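Residue-level structural notes
Chain by chain, the residues run as shown.
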Amino acid sequence: MASSAVAGLSGGFITVSQGIWAGAGPALQAGLAATLLAAGTLAAGLSPRSQPIKRPAAGLVSRPSLMERASRLFDSDARASVILCELTGLAWTSRNQCVEAAQMAFEEAQERLSASLPQGALAAQWNDEHFVVLLPASSDPMTALSLARDLCAALTTGPAFANLSTAVTCHAGIALAPTDGTRLCELVNNAELALAEARRQGKPGYGFYAPGMSAAADRRSALQRAVRDAVKSDALRLELQPVYAMRSGELTGFEALIRLHDQELGQVPPSEFIPLAEEAGLIVDIGEWALEEACRVAAQWPPHLVVAVNLSPAQFHSGTLITTTRRALQRHSLPAYRLEVEITEGTLMADSELVLGQLRLLRDMGVGVALDDFGTGYSSLSYLCKFPFSKLKIDRSFAAALDHSASAKNVLRAIVRLGHGLGMTVTAEGIETQRQLSLLRDIGCDLAQGYLLGRPAPLSDLAAIILGNFAQQLARRPRPARRSAA
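Residues numbered from 1 in each chain as written. Predicted model: local features only at pLDDT ≥ 70, side-chain atom pairs only at ≥ 80, totals over all residues. Heavy atoms only, no water.

Tallying secondary structure elements over the protein chain gives 19 helices and 19 strands in all. Counting every position in the protein chain, which comprises 486 residues, the buried fraction comes to 44%. Counting contacts in the protein chain only where the partners sit at least 6 residues apart, residues at least 24 apart contribute 68% of the total. For the protein chain, the exposed area adds up to about 25200 Å²; of that, 55% sits on carbon and sulfur atoms. (Helix = DSSP H or I, 4+ residues; strand = E, 2+ residues; numbered from the N terminus. Buried < 20%, exposed > 50% of the residue type's maximum accessible area, 1.4 Å probe, protein only. Contact = heavy atoms within 4.5 Å. Areas by Shrake-Rupley, 256 points an atom, 1.4 Å probe, with all protein chains shown as cover.)

Once that is clear, we can look at the nonpolar core. Of all hydrophobic cores here, the largest spans 79 residues; its most connected members are Trp301, Ile343, Leu348, Leu359, Phe389 and Leu440. Per-element tally for this core: the top contributor is helix α10 (residues 283–298), with 10 residues. What tryptophan 301 contacts, discounting residues up to four positions off in sequence, is Leu240, Phe254, Val306, Val307, Arg338, Leu462 and Ile466. Counting 26 residues, the second-largest nonpolar core is a separate cluster that includes Ile83, Cys85, Ala144 and Tyr206. (Core = buried A, V, L, I, M, F, W, Y, C linked by side-chain atoms within 4.5 Å.)

The subject of this paragraph is the sheet that holds strand β5 (residues 130–136). Adjacent strands of a sheet pair through backbone hydrogen bonds, lying either parallel or antiparallel. If you walk across this open sheet you meet the five strands as β4-β5-β3-β8-β9, and the pairing is mixed. Single-partner strands in this sheet number two, and they are β4 (122–127) and β9 (206–208). On average, each strand axis in the sheet is tilted by 20 degrees relative to the strand beside it, whichever way the strands run. One ladder, built from three bridges, connects strand β8 (residues 169–177) with β9; its direction is parallel. Residue pairing for β9: alanine 172 is matched across the bridge by tyrosine 206. Along the sheet face, helix α6 (residues 141–154) touches β3 (80–88), β5, β8 and β9 and points at about 165 degrees away from the line of β8. (Pairing = 2+ DSSP bridges. Axes fitted to C-alpha atoms, helices over the stretch in contact; angles between N-to-C directions.)

Next up on the list: the confidence of the model for the protein chain. In the predicted model, the protein chain carries a mean pLDDT of 81, and 80% of its residues have values of at least 70. In this model residues 1–21 is a low-confidence stretch, pLDDT under 50, and it forms 39 contacts with partners more than four residues away in sequence or in other chains. Confidence drops under pLDDT 50 across residues 32–55; counting only partners more than four residues distant or on other chains, this segment forms 25 contacts. (pLDDT = per-residue confidence, 0-100.)

What follows deals with the packing of aromatic side chains. All told, the structure shown has two aromatic pairs when counted by the stated rule. Between phenylalanine 254 and tryptophan 301, the aromatic rings sit 4.9 Å apart at their centres with planes inclined by 50 degrees, giving tilted as the arrangement. Here tryptophan 301 lies in the loop between α10 and β13 (306–310) and phenylalanine 254 lies in strand β11 (residues 251–262), a separation of 47 residues in the sequence. The interplanar angle of 70 degrees and the centroid separation of 4.9 Å between the aromatic rings of phenylalanine 387 and phenylalanine 389 together place this pair among those described as edge-to-face. Classification of phenylalanine 389 by relative accessible area gives buried; the value is 2%. The cationic tip of arginine 63 hangs over the ring face of tryptophan 126; the distance from NZ or CZ to the ring centre is 3.8 Å. The ring of tyrosine 451 has arginine 455 lying over it, and the distance from NZ or CZ to the ring centre is 3.9 Å. (Phe/Tyr/Trp six-rings, centres within 6.5 Å; stacked < 30°, edge-to-face > 60°. Lys NZ or Arg CZ within 6 Å of the ring centre and 35° of its normal.)

As a further point, take the pattern of salt bridges. Scanning all chains against the criterion turns up 15 salt bridges. Glutamate 68 serves as the salt-bridge partner of arginine 72, at 3.3 Å between the closest nitrogen and oxygen. Here arginine 72 pairs with glutamate 68, and both are found in helix α3 (residues 63–75), just four residues apart, close to one helical turn. Classification of arginine 72 as partly exposed rests on a relative accessible area of 48%. Since its relative accessible area comes to 48%, glutamate 68 is described here as partly exposed. For the salt bridge of glutamate 429 with lysine 393, the shortest nitrogen-to-oxygen distance reads 3.4 Å. With glutamate 429 in the loop between β17 (425–428) and α18 (434–443) and lysine 393 in strand β16 (residues 391–394), this residue pair connects regions lying 36 residues apart in the sequence. Across the pair, lysine 393 and glutamate 429 agree in class, each one buried. Counted as one network, the salt bridges with shared partners bring together Arg225, Asp229, Asp262 and Glu264. (Salt bridge = Lys/Arg side-chain N within 4 Å of Asp/Glu carboxyl O.)

Right, let's get into the environment of proline 178. Note on placement: proline 178 falls in the loop between β8 and α7 (184–201). C-alpha separation for the pair proline 178 and arginine 79, spaced 99 residues apart in sequence, amounts to 6.1 Å.

It is worth spelling out the pairing of β8 at this point. Working note: regular strand, side chains alternate between the two faces of the sheet. With eight of nine residues buried, β8 is to be regarded as a mostly interior element. Here nine bridges tie β3 to β8, and the two strands are oriented antiparallel to one another. By the bridge assignment, threonine 88 is partnered in β8 with threonine 169.

The next point concerns α7. Taking 1.5 Å of rise per residue, 18 residues should cover 26 Å, and α7 covers 25 Å from first to last C-alpha, within 8% of that figure. Leu184, Leu187, Val188, Asn190, Ala191, Ala194, Leu195, Ala196 and Ala198 are the residues of α7 that are buried. (Expected span 1.5 Å × (residues − 1).)

In structure tokens form, the structure reads like this:
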């Protein structure tokens, strides 16, 4: 044998150094050779290259075969539809339950996909969780839409395996040739944009590609980068919108609103960057920063002013909300009664018992708890029975409705009576006209917030707002009558 002994079959190699081989006698060398040969055979058996090649399920073709067929099809300028299906839930099953369950679900998904294909359609596995379906000689949107709907329905449920229930969901994106592309990869890329939009929209879970999706995807990528950079570099800022007593006009506090300004994108509205922060898992860090910053700023105000901070569902699931709140109050010596947290009905619906349990702890600390956007959901009344909120904030859509709906005033009056009956302060949001303010004052709302009274302001403007309101309140107080000279 040469400088080292080598045993190997089909890619499995084990070596013995020259020194060890030379130091062994003939009998030992023979034994080593036999051992190495057996070990090499075992290594070859364990080598990934020795595993059986996975073949597509009946009715499916391989990815190279699909690309070849599509290339010939598009070279003849034929019309076609491409549907990209995405299976979600398999990776989670593989990590948290077992690989066999995920494999079983995947194999059943292949069978269901094959059984759902119409005559003449081709399908192939594109990657681990995606299938591509090609409908030759068809660019009819309704045909493609109907098939996408059927595929999503067929692939949404996985099998039960070894007493493990595998939940699989399916979304689909559709691209049409030649309108959306003239090559398979181009069509698949555009179908993926449609799929991503369908995933964000929720049910029904499928939809068509539109030209604007490319620009929207580019902006989305830029926004994701901006959010990550802002969190990393501490570039987020707070603006605070004043809240006033409805009848006296006295300033009662501010609502803290998170702002993001990017050098390339400019001012990014919260409606855009907050959902992205939630998807990226950054919303807990952002929420903790907002809570800390709000307490720091409010500690510098007069002691009667309250700061309100919005909480996201992720903060309740983080396990750190109570500790973070207590730490922020203690660090800035802010009494708990001067902090108010706001939640929406959507936060409660995420996991009501988990959320309500932490709200009770916050309330026991002395923190105020407000139900925001009241009136927009379906279960708000049931939550009012479960938890004694300190404040009810009526959604801004009701104030806007006062300008064109005769019944809006009666609905608002009923909400105010309900809130007062449960011992809550009632705030009207979104007030933009003097007429809205007058009507809401007559109805009995306690607090007012909106552009008519004050827009969200940077920290540098807060001193002027506080001092200005203080001066107005002094001017409104009746002056004592002068005593006549004796």
